[in-house]
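For reference, the chains in residue letters:
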Amino acid sequence: MFWKYLMKIYLLSIFTVVFFCPASAQNEVLPEPQNNTYVYVQLLQQAKRLHREYRFAEAIDVCKTIINSNAVRPDILDSAKVQIAVCENSRNLVNYTFKPKITGKQKVNINNFINSYDSLPNGYFAPAAQSMLMDADKGKHNLPPVFYPVQNSKNADVIYFSSYGKYGKNGLDIYKIHRINDTLWSEPEALETTVNTQFDEIYPCISEDGKTLYFTSNGHYGMGGFDLFKCTFDTEKNTWKQAENLGFPLSSVYDDFLYIPDNNNDFACFASTRNCDRENIYIYKTEIIINPEYKPIEDYEKLQQLANLDVTADSNNTKNDNIEVNIEELKNNGDYIKMLKAAQYYNNKFSEIQKSLDSLRENIYNTENTKHQNIEQQILNKENELFDMQHTVSQLSIYISKSEYEFITEKIQPVLSDDLKSIVNIEYAVKKETATDKGNFGNKTYNNMRQSPHIEIATRQPEEQDMFNFTVNEQTIMIHDYTLPDELIYRIHVISAPDGKKIEPDFFKNCSPVTTELHKNNRRYYIGLFRKYTDAEMAANRLKTLGFNDIFISAWNSRQTVTLNEAKKIESKQKPPAAKIESNKIYRLTVGINNNEKQVIQLVNKYANGKDISKIINSRNKIIYNIGNFTTFEQAIDLREKLIANGITDVNINEVINK
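Residues numbered from 1 in each chain as written. Predicted model: local features only at pLDDT ≥ 70, side-chain atom pairs only at ≥ 80, totals over all residues. Heavy atoms only, no water.

A look at the overall build of the protein
Scanning the protein from terminus to terminus reveals 14 helices and 28 strands. Burial statistics for the protein: of 659 residues in total, 44% are counted as buried. (Helix = DSSP H or I, 4+ residues; strand = E, 2+ residues; numbered from the N terminus. Buried < 20%, exposed > 50% of the residue type's maximum accessible area, 1.4 Å probe, protein only.)

Here it is in structure tokens:
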């Protein structure tokens, strides 16, 4: 069942704190470690415990003690370096801390926690349909459930889900499928590297307008474990922007997952393993703050208290956290309460107008020119209304701050001025959530988990542009006995095998396209179709970096084999096609940690002066060197060959999307 996946990640987090020190010894000076593996393991576990207590600086000091030891085991040394990176990330994130408004909190059993979320009007959760399972998913029992939109929702034609993909090399990634008709859906397509990492991305959930994707990841910049993230869609580039952490304390040093906002973007629910045993988790309901006030917090006790996410006693009480003075008495001041309610009301109206304005601006490009004038007038009216609303919100905010200051410093009770009476004396819409709703949160049972719907995945036939677009992606396009076009063509011969002997697609390592031909009793396999020899040569170099060694380029003209010299002469007489610029792609080198860092830096400065060198954590929790960026594959392969020639080992080229 899907909950076993959460159980697994929680058990892993529990095991990291098996060894711990007594509370009385927490502030003592660390002893000098002996040449003893057990001592280093204890120190490492102590660092992890300190991290989970938000004592990041202390955890880093413990890890440095391990690193400065000469006899420490390599795996413990690597773990200490990774732990320092996690602590530094956490310390950076708590520099931008905000105080959420938690309106509900409930501990529930991990088996059916999704049914304790507030009802989901746009869809429901269910296990992945069998047709959606990719090769690496089969036999797995820890796949997270999938959110299926109902047919009358705005996002009814796309499903986002987590999958191990074809080969399972990068953990769980987020994929999507598009509706073709009532039951037929497109082949799964992996989202961009701005969303997916080499670690796990789970629980994708799309906003009602389809522009924001919320998901959970342990691979992006976070506090350790699973954090909450969102991505917004760039309509101009037709791609997802870089993932953003929802921030502390929604994301914590524990596992936090499945963030789902309501359609009005007023409230959201999410789950967390913080302060729980392994049989239960907490689910929280939080009021969404459009523009929260961020401030740094260094005191670990304050961080622990904030991370508890206690239910806010009064969400309308805008207490000034920068002044340690109690202003509870202001709750009894009628004028002050009116100002607070009015400020919240106008803030909500401001957000509604902004959404409406964004929709009008988008629609103007999808309508006939004859209707543009009408939409432009609506946009102008909304912009004027937005300006007036912004002025009102600003006026109220200044007056509230002034009233609180006068009360704190001189005990002056707030009194509405004449110019504010017309603003605050209005009829307010009844808040959707009552005190009773808050008290019952988590106790209600909704039908959020159901059976999987019938989904049929279409098999896409490769088009001509696919065949001439050499790629290294999730899926290998293979065509047996492909008929060559009547023109000059280059192919890269990879392997020959007796006809009838099956060559598994895994052999081709995600390279496309793969074509075959029967020659006597042997079947020849080729990767790529190219109209230019330089393109074929570039692809051959890339294939060598993937481990294909015994390969060579072959040429055909008018479906007949020709020598490479003949092919080059024919090509030289042809009019060269316009160059295709891959402006959205960049390349980076990764170098294994076993190399000498000083030597790597010297060689990069010598052969590629100006390229950045940084350290990253790979999927096996090893720190490796990252070199880039390169605008062309040729630049990356050139530096790779020079590094290898100078004794640098384990050098790989990665292709990423350039945002």
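Re helix H14 (residues 633-645)
In a regular helix each residue adds 1.5 Å, so 13 residues correspond to 18 Å; H14 covers 18 Å between its end C-alpha atoms and thus fits that length. Regarding H14, the residues found buried are Phe633, Ala636, Ile637, Leu639, Arg640 and Leu643. Projected onto a plane normal to the axis of H14, the buried residues spread over an arc of 165 degrees and lie on a single side. Where H14 begins, the capping side chain belongs to threonine 632, and its oxygen is found 3.3 Å from the backbone nitrogen of glutamine 635. A positive backbone phi angle near 90 degrees is found at glycine 647, which sits one or two residues after H14. (Expected span 1.5 Å × (residues − 1). Arc of directions from axis to C-beta. Polar contact = N/O pair within 3.5 Å; in protein donor to acceptor, adjacent residues only side chain to side chain.)

Re the sheet that holds strand S5 (residues 173-178)
Across the sheet, which stays open at both edges, the three strands sit in the order S4-S5-S7 with antiparallel pairing between neighbours. Two strands bound the open sheet, and with one partner strand each, they are strand S4 (158-163) and strand S7 (189-190). Across two bridges, the pairing between S5 and S7 is antiparallel. When the bridges of S7 are listed, lysine 176 appears paired with glutamate 189. (Pairing = 2+ DSSP bridges.)

Some details on the sheet that holds strand S21 (residues 514-519)
Adjacent strands of a sheet pair through backbone hydrogen bonds, lying either parallel or antiparallel. Reading across from one edge, S18-S21-S22-S19-S23-S24 is the order of the six strands in this open sheet, with mixed pairing throughout. Both edges of this open sheet fall to strand S18 (478-479) and strand S24 (560-562), since each of them pairs with a single strand only. Sheet topology places strand S23 (residues 552-557) next to S24; three bridges connect them, and they run antiparallel. Within the sheet, the bridge partner assigned to alanine 555 lies in S24 and is valine 562. Contacts between helix H12 (residues 564-573) and the sheet are confined to strand S19 (489-498), S23 and S24, with S23 contributing the most and set at about 55 degrees to the helix. (Contact = heavy atoms within 4.5 Å. Axes fitted to C-alpha atoms, helices over the stretch in contact; angles between N-to-C directions.)

Quick look at the pattern of salt bridges
Applying the stated rule across the entire model yields 14 salt bridges. For glutamate 53, the salt bridge goes to arginine 49, with nearest N and O atoms at 3.3 Å. Among the salt bridges present, the one from arginine 531 reaches glutamate 487, with a minimum N-O distance of 3.1 Å. Linking arginine 531 in the loop between strand S22 (522-530) and helix H11 (533-545) with glutamate 487 in the loop between S18 and S19, this pair joins segments that are 44 residues apart in sequence. The network of salt bridges with shared partners includes Arg49, Glu53, Arg55 and Glu58. (Salt bridge = Lys/Arg side-chain N within 4 Å of Asp/Glu carboxyl O.)

Here's the deal with the side chain of arginine 542
Its location among the elements puts arginine 542 in helix H11. Judged by relative accessible area, which is 15%, arginine 542 ranks as buried. The contact partners of arginine 542, leaving out residues within four places of it in the chain, are Phe470, Val472, Phe633 and Glu655.

Quick notes on the nonpolar core
Judged by nonpolar contacts, the single largest core of 39 residues is most densely connected at Phe113, Tyr117, Met132, Tyr148, Ile159, Leu258 and Ile455. Residue assignment for this core shows that the elements contributing at least two residues are strand S2 (123-126), strand S3 (146-149), S4, S5, strand S8 (201-206), strand S13 (256-261), strand S14 (267-272) and strand S15 (280-287). Ignoring sequence-local partners within four residues, the contact set of isoleucine 159 consists of Met132, Val146, Phe147, Tyr148, Pro149, Tyr175, Lys176, Ile177, Trp185 and Ile455. Counting 27 residues, the second-largest nonpolar core is a separate cluster that includes Tyr54, Met223, Tyr254 and Ile297. (Core = buried A, V, L, I, M, F, W, Y, C linked by side-chain atoms within 4.5 Å.)

With respect to the pairing of S8
By the criterion of burial, S8 is predominantly enclosed, with six of the six residues buried. Taken together, the four bridges between S8 and strand S9 (residues 212-217) define a ladder with antiparallel strand orientation. Note that in S9 the partner of isoleucine 202 across the bridge is threonine 216. Here S8 folds back onto S9 in antiparallel fashion, the turn holding five residues, of which glycine 210 has a positive phi close to 75 degrees.

Describing unusual backbone geometry
Residue proline 249 is bonded to the preceding phenylalanine 248 through a cis peptide linkage, with omega at 15 degrees. Among the structural elements, proline 249 can be located in the loop between strand S12 (244-245) and S13. Between glycine 628 and asparagine 629 the backbone carries a cis peptide bond, its omega angle lying at 5 degrees. A positive phi angle, near 70 degrees, is found at arginine 559, a position not held by glycine. Under the relative-accessibility criterion, arginine 559 is labelled partly exposed at 48%.

Considering the packing of aromatic side chains
With the rule as written, the count across this model stands at 22 aromatic pairs. A ring pair is formed by phenylalanine 125 and phenylalanine 147, whose centres lie 5.3 Å apart and whose planes are at 65 degrees; its orientation type is edge-to-face. Highlighted residues: phenylalanine 125 in strand S2 and phenylalanine 147 in strand S3, separated in sequence by 22 residues. No difference in accessibility class separates phenylalanine 125 from phenylalanine 147, as the two residues are buried. What links up through ring pairs into an aromatic cluster is the set Tyr214, Tyr259, Phe270, Tyr282 and Tyr284. Positioned above the aromatic ring of tyrosine 282 is the side chain of lysine 105, whose terminal nitrogen or guanidinium carbon lies 5.1 Å from the ring centre. In this structure, lysine 509 is placed above the aromatic ring of phenylalanine 548, and the distance from its NZ or CZ to the ring centre is 5.1 Å. (Phe/Tyr/Trp six-rings, centres within 6.5 Å; stacked < 30°, edge-to-face > 60°. Lys NZ or Arg CZ within 6 Å of the ring centre and 35° of its normal.)

Remarks on the environment of serine 119
Within the secondary structure, serine 119 sits in the loop between strand S1 (101-109) and S2. You can call serine 119 partly exposed: its relative accessible area is 44%. Sequence separation between serine 119 and threonine 445 is 326 residues; the distance between their C-alpha atoms is 8.7 Å. Ignoring any residue separated from it by four or fewer positions in sequence, one finds serine 119 in contact with Tyr446 and Asn448.

Digging into the environment of isoleucine 290
With respect to the helices and strands, isoleucine 290 occurs in the loop between S15 and helix H5 (300-307). Residues isoleucine 290 and asparagine 347, spaced 57 residues apart in sequence, show a C-alpha to C-alpha distance of 8.8 Å. Non-local contacts of isoleucine 290, meaning those with residues more than four positions away in its chain, are made with Asn265 and Ser351.

Considering helix H4 (residues 74-93)
Compared with an ideal rise of 1.5 Å per residue, which puts 20 residues at 28 Å, H4 spans 29 Å between its outermost C-alpha atoms and is within 8% of the ideal. The complete set of buried residues in H4 reads Ile76, Asp78, Ala80, Val82, Gln83, Ile84, Val86, Cys87, Ser90 and Leu93. Buried-residue contacts for H4 involve helix H2 (37-52), helix H3 (56-67), strand S10 (227-234), S12, strand S26 (612-617) and strand S27 (623-630).

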